[in-house]
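The lines below spell out each chain.
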Amino acid sequence: MAGRGLRKTATGISGLDEVTGGGLPLGRPTLVCGPAGCGKTLLAMEFLVRGIVEFGEPGVFVSFEETVDELVENVTSMGFDLQKLQDDGLLVMDHVNLAPGDLAETGAWDLSGLFIRLGAAIDEVDAKRVVLDTIETLFGAFDDSATLRSELRRLFSWLKERGVTAIVTGERGDGTLTRHGIEEYVSDCVIVLDHRVSEQTSTRRLRVLKYRGSLHGTNEYPFLIGATGVSVLPITSLGLQHAASNERLSTGMVSLDAMLDGAGLFRGSSVLISGTAGTGKSTIAAQFCAAACARGERALYFAFEESEAQILRNMTSVGIALGHWVDSGLLQFRCIRPSLLGLEAHLASMQEVVSDFTPDVVVMDPVSDLLHAGGGEEVSAMLTRQVDYLKSRGITALFTSLNTVRDVENSEQQIGSLIDTWIIVKLAEGDGTRSRVLYVLKSRGMAHSHEIREFVLSRRGLDLGDVYRRMAVRA
């Protein structure tokens, strides 16, 4: 991919190409550095495997620590069959043994043997991609660091001359990017990985520290190592370039559609239903899914408080039968406690399900429960990525949020600013009874109603009554 004259090669790693603006610099080395256990080797290995499988670019992996057998075994859990790629003549793997007993440093020396060894591997498969994993191990094998630094500078120049796109990994030093300063020689692109634990939740982060001649994302991005490889978040575009559909779809409530300019929601929009406990948020979400399935569309329901069986049972009390939609395959539930995973793991797992199931509508009920897995700003950032992801695929999303304070509108401005349509449900007291009321706080792109309507749940289903004129609405 070209970007301002700089040619790039796509990594094929989910999200990384978006963050780097198209991939790594073509024909140049990239430094990937970080502490032990942050995922450097796995990211580099996936770079090679994706290059072979998706782009037809053979590769060479040279390890200075792990043996070939260890590497083959370690990445099997990610679905990578390195042995087959080697047997097919698409991948060469080599382990350079630097055990002290096998090396003797006498007189003048250079790394010409490594050049010959690496050059032969590149020629064997006509490699386009090369990985040198933990090359800094060389500093522990040789005492003459000045000669070694000179040879490493020559090695990286040689890689450029060969025209291969390379990843070089290095261990993070104290106050420095790498323990021995190899970033001095790899100056085109530097990617820093980190692995931290906060409130007993482990999180990996990626940052493009430097990318000469290219625009790129400069923030820290969470990334995950899962069953299918590395996923960098955000997985979607860095810009607001979503398509905007003029198609309208029903919420499943004719009276609510009437409040939304008489036609319902825009397809591909995001909707927030917020309110206190017992106001009917989940019921609206279930009706929304039922309406989608009745149109022959797929609906995906992420529940963070109730099990599938509990939701199916409870909704029958208001005339919403969801079981047959589950049986038909149009409706799918994913029920999980927010505390089970970190926010990034939640996001990645949800997006994986969305990618596999390809729904038309998605419900997350309630997103406020995700606060148990992270702070307010982290949850807001996570929801931003989720909204972006769903909009980029034209999926209509409905989020519910449980609020415990009276001033719902001001308490959820962070979430509300991401949303196209914001509907609030509350409890009101008057004439010795409690009533539910509903109103549309905002709905972008349409002339929506500003009325406060009584919200009625009964065995016949959901409906909106007349304009509510009794005592002041309470939370």
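Let us look at the structure shown here. Keep in mind the model is a prediction, meaning the values are calculated, not measured.

Observations concerning helix 5 (residues 112-125)
Then step 1. In this model, helix 5 (14 residues) spans 21 Å end to end at C-alpha, consistent with the 20 Å of a helix rising 1.5 Å per residue.
Then step 2. Among the residues of helix 5, L114, F115, L118, G119, A121, I122 and V125 are the ones counted as buried. Along the axis of helix 5, the buried positions cluster into a sector of 160°, meaning they face one direction only. Facing away from the buried side of helix 5 by over 90 degrees, the exposed positions are I116, D123 and E124.

Some remarks on the pairing of strand 11 (residues 221-226)
Then step 1. Direction of pairing for strand 11 relative to strand 12 (residues 229-232): antiparallel, over a ladder of four bridges. Across the sheet, residue G226 finds its bridge partner in strand 12, namely G229.
Then step 2. Hairpin connection from strand 11 to strand 12: two residues lie between these consecutive antiparallel strands.

Points about the packing of aromatic side chains
Then step 1. The final tally for this structure, using the stated rule, is two aromatic pairs.
Then step 2. Note on F115 and W158: the rings are 5.4 Å apart at their centroids and 40° apart in plane angle, and the pair reads as tilted. You can see F115 sitting in helix 5 and its partner W158 sitting in helix 7 (residues 145-162), a full 43 residues away along the chain.
Then step 3. Note on Y301 and F333: the rings are 5.1 Å apart at their centroids and 35° apart in plane angle, and the pair reads as tilted. Of the two residues, Y301 sits in strand 16 (residues 299-303) while F333 sits in strand 17 (residues 331-335), which places them 32 residues apart along the sequence. Each member of the pair, Y301 as well as F333, is classed as buried.
Then step 4. We note K8 situated over the ring of Y211; from NZ or CZ to the ring centre the distance is 4.7 Å.
Then step 5. When the ring centre of F266 is taken as origin, the NZ or CZ atom of R248, which lies over that ring, is 4.4 Å away.

The rules behind the values
- Residues numbered from 1 in each chain as written.
- Predicted model: local features only at pLDDT ≥ 70, side-chain atom pairs only at ≥ 80, totals over all residues.
- Heavy atoms only, no water.
- Helix = DSSP H or I, 4+ residues; strand = E, 2+ residues; numbered from the N terminus.
- Expected span 1.5 Å × (residues − 1).
- Buried < 20%, exposed > 50% of the residue type's maximum accessible area, 1.4 Å probe, protein only.
- Arc of directions from axis to C-beta.
- Pairing = 2+ DSSP bridges.
- Phe/Tyr/Trp six-rings, centres within 6.5 Å; stacked < 30°, edge-to-face > 60°.
- Lys NZ or Arg CZ within 6 Å of the ring centre and 35° of its normal.

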